[in-house]
Amino acid sequence: MDSDLRRAVVVTLGELGRSDDWRDRADAGHSLAGFAETPEAVELLLGLVLDRGDTFVTRRTAEGLLRRKDRFD
C-alpha cells in the first residue's frame, strides 16, 4: 500500500482517537493497532492504551495490538 495513504489513514484515525466519545476512541485504538509499525501511530496508540476517560478504550486498543501477534526477539 502507498505510504502516503497509510499516513492519511493514521492521521484520520488519530482525529477519531481524540474524540470526546469513548466509542470513537475505542474504534480508533483498535484500528490504529493495524498501523503500529508506523511512527505516526505510536504516540496515538500510547495515548489510547492509557485512556483516562474509559477503560473500554484501553481494552479495545490493547486487543487490537495483541491481535497483531508481533514477536520481539
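Our structure is the block above this text.
Residues numbered from 1 in each chain as written. Predicted model: local features only at pLDDT ≥ 70, side-chain atom pairs only at ≥ 80, totals over all residues. Heavy atoms only, no water.

Before going further, it helps to examine the nonpolar core. Counting residues in hydrophobic clusters, the biggest one holds ten residues: V10, L13, A26, A28, L32, F35, A41, L45, L48 and V57. At the level of secondary structure, the elements contributing two or more residues to this core comprise α1 (3-17), α2 (22-32) and α3 (39-49). Those residues within four positions of L45 in sequence are excluded, and the remaining contacts are G29, L32, A33, A36, T61 and L65. (Core = buried A, V, L, I, M, F, W, Y, C linked by side-chain atoms within 4.5 Å. Buried < 20%, exposed > 50% of the residue type's maximum accessible area, 1.4 Å probe, protein only. Helix = DSSP H or I, 4+ residues; strand = E, 2+ residues; numbered from the N terminus. Contact = heavy atoms within 4.5 Å.)

Here the focus is α1. Spanning 15 residues, α1 covers 21 Å between terminal C-alpha atoms, matching the ideal 21 Å at 1.5 Å per step. Looking at α1, one finds that the buried residues are V10, L13, G14 and G17. Burial along α1 is one-sided: seen end-on, the buried residues are contained in an arc of 110°. Across α1 from its buried face, at more than 90 degrees, point the exposed residues D4 and E15. For α1, the elements touching its buried residues are α2 and α3. (Expected span 1.5 Å × (residues − 1). Arc of directions from axis to C-beta.)

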